[in-house]
Every structure is written in C-alpha cells, then in structure tokens.
Amino acid sequence: MHPPSPHALDLATLAQAEQPSGWLAGFVARDYPKGYLLASPGDARDQVFVVKSGRLRVYLAGETRELSLSFLEPGDIYTTHTPTYVQTVSPCTLWCIHTADFARRLASDPTITPAMMRVLGRLLRNAVTLIDDLAFREVPARLARFLLGLVERRGQPQADGWLIPLELGTEDIASLLGSTRQTVSQLLNQWTRDGILARPDRRQLLVRSRQALENLSAS
C-alpha cells in the first residue's frame, strides 16, 4: 500500500485533538507555563514535539544578547535536540514523543516530512535574513523589511493601505531584528506620526505607504 500524499497531513488540525490519534498516536500531551525553558544547547532532553496551543520562541543566546530565530505556533513541529534555546512565551500544551520513537514512526510513514521541512525552512530563512540584516543594514531598514515581509505574506488590501495582523509584541519583534524594544517602539511611533503607518488597535497595523517602507528598507 502506498502512503498517503504528503499534502494530506494537516498537522495544525490534528494537533487540536483532545486525544492522540492518527499520526499523533504515541505522543503525550504536556502543559508548560509561560517562560519555561524547554530546551537549551547540550540539553540531555531528547524529544520531538508538536505545538497544540500557545507560542514558543527559538533563539540563540550569548553573554549579553539574545537573537530570535523563529516563533513556533500551533501545528509546528520541532525538537529539543538542537543547538538552540526553546522557551515558552505563553502557556503551552505540546504533544511530545521521544526522538527514537519518532524516528521509527517517520521511517514507516513519511507524511510528516512536509510539515517538518516547513518549520526548518522558516528557521533557515529567518537565520539567513538576520545575518544579512545584522551585517549590512541598520535597524530602520531591518524593521522596514520585516513589515514588508508581513505585507507580502499576510497583508489584507484596504482602501487606504495594507492591514497586517501584529501577533508579536514589540519586544518579540526587536529580538527578531537584533535590536531593542525601545528602538523598535520609537521607530513605529515615528513612522505613525509620518503617516507611513497607522495603528487601528494593538493587534493590527495598517501600512499606509508601502513605497515609503521600500525606500526605508533600501537605505
């Protein structure tokens, strides 16, 4: 019997189940509070997890600063056995399984591979973008590029611009950009006063001048 098409597995929907079933059979649901350090480089814990609810941050850390690589959302799959830190940024429920058990499952049914590649691809893309920005761009250009990326991926056209959901807080955005909360907040406020942006509410941002952001991203 041929395995199902790789596109048939909807891990985001599957993760919402109250009991493990289908591909998640053998996974165990575990709850973690906000701020819990789930994994760190060299950690002895060795498990694969799927996010059922909440959000986690994947980041690198040195003595004086942290750099976020990505945020994991419901339906994302990741592992504790990487050279990164993984910390909950809200209360989370995760489906967990030991890596060896997961490897056996993957060998017999590779339909999970596209979901894994999606998360790893996002991490790699974010890491390359961060390196490029830190090496060649100042913070205003980094923030402008970040907002343009949100417009491209999630922007909703409006009569007066592009409406984008802003699920990350200012501190989260600053961490993704290798900057500080104060600097990002000042830039967003300045661009709002300049008419480039508008803030309908705390969870949304209206890009009123996409061209202005493109100009800033190139500076």
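The structure this text deals with has already been given above.
Residues numbered from 1 in each chain as written. Predicted model: local features only at pLDDT ≥ 70, side-chain atom pairs only at ≥ 80, totals over all residues. Heavy atoms only, no water.

Draft legend 1. A look at the packing of helix H4 (residues 139-154) against helix H6 (residues 181-193). Taken N-terminus to C-terminus, the directions of H4 and H6 make an angle of 70 degrees; their axes are 11 Å apart at the nearest point. Judged on the interaxial angle alone, H6 and H4 are roughly perpendicular. In the packing of H4 onto H6, the handedness of the crossing is right-handed. For the pair H4 and H6, contact is made by Val 139, Pro 140, Leu 143, Ala 144 and Leu 147 and by Thr 183, Val 184, Leu 187, Leu 188 and Trp 191, respectively. Of the residues contributing to the contact of H4 with H6, the split by class is nine nonpolar, one polar and no charged. (Axes fitted to C-alpha atoms, helices over the stretch in contact; angles between N-to-C directions. Helix = DSSP H or I, 4+ residues; strand = E, 2+ residues; numbered from the N terminus. Parallel < 35°, antiparallel > 145°, perpendicular 65-115°, else oblique. Left-handed = near helix turned anticlockwise from the far one by under 90°. Contact = heavy atoms within 4.5 Å. Nonpolar A, V, L, I, M, F, W, Y, C, P; charged D, E, K, R; others polar.)

Draft legend 2. Region of interest: the state of the cysteines. This model, assessed by the stated rule, comprises zero disulfides. Sulfur of Cys 92: no disulfide; nearest cysteine sulfur belongs to Cys 96 and is 10 Å away. Among the residues examined, Cys 96 registers a relative accessible area of 2% and is labelled buried. (Disulfide = S-S within 2.5 Å. Buried < 20%, exposed > 50% of the residue type's maximum accessible area, 1.4 Å probe, protein only.)

Draft legend 3. Representation of the sheet that holds strand S10 (residues 161-165) within the structure. Taken in spatial order, the four strands of this open sheet run S9-S10-S12-S11, and their pairing is antiparallel. Each of the sheet's edge strands pairs with one partner strand only, and the pair in question is strand S9 (156-158) and strand S11 (197-201). Here the average twist between neighbouring strands, direction ignored, is 30 degrees. The sheet contact formed by S11 and strand S12 (residues 204-207) spans three bridges and is antiparallel. Each residue of the ladder has a partner; that of Asp 201, found in S12, is Gln 204. (Pairing = 2+ DSSP bridges.)

Draft legend 4. How the structure looks around H6. Relative to the 18 Å expected for 13 residues at 1.5 Å per residue, H6 spans 18 Å between its end C-alpha atoms, a close match to the ideal helical length. Those residues of H6 lying buried are Val 184, Leu 187, Leu 188 and Trp 191. Across the axial projection of H6, the buried residues extend over an arc of 95 degrees, all falling on one side. In H6, those exposed residues whose orientation departs by more than 90 degrees from the buried face are Gln 182 and Arg 193. The inward-facing, buried residues of H6 abut H4, helix H5 (170-177), S11 and helix H7 (210-217). (Expected span 1.5 Å × (residues − 1). Arc of directions from axis to C-beta.)

Draft legend 5. Expanded view of H5. Among the eight residues of H5, six are classified as buried, and the element is accordingly described as predominantly covered. If you check which residues of H5 are buried, you get Asp 172, Ile 173, Ala 174, Ser 175, Leu 176 and Leu 177.

Draft legend 6. Molecular detail of the packing of H5 against H6. Where H5 contacts H6, the two axes come as close as 8 Å, and the packing angle between them is 110 degrees. On the basis of the axis angle, H5 is roughly perpendicular to H6. The residues of H6 that touch H5, namely those facing Thr 170, Glu 171, Ile 173, Ala 174 and Leu 177, are Arg 181, Val 184 and Ser 185. The residue makeup of the contact of H5 with H6, split by class, is four nonpolar, two polar and two charged.

Draft legend 7. Representation of the pattern of salt bridges. Using the criterion set out here, one finds six salt bridges in the structure. Among the salt bridges present, the one from Glu 18 reaches Lys 52, with a minimum N-O distance of 3.9 Å. In this pair, Glu 18 sits in the loop between helix H1 (11-14) and strand S1 (28-32) while Lys 52 sits in strand S3 (residues 47-53), placing the two residues 34 residues apart along the sequence. Put simply, Arg 210 and Glu 152 hold a salt bridge, and the shortest N to O gap is 2.1 Å. Within this pair, whereas Arg 210 is found in helix H7, its partner Glu 152 is found in helix H4, the two being separated by 58 residues in sequence. (Salt bridge = Lys/Arg side-chain N within 4 Å of Asp/Glu carboxyl O.)

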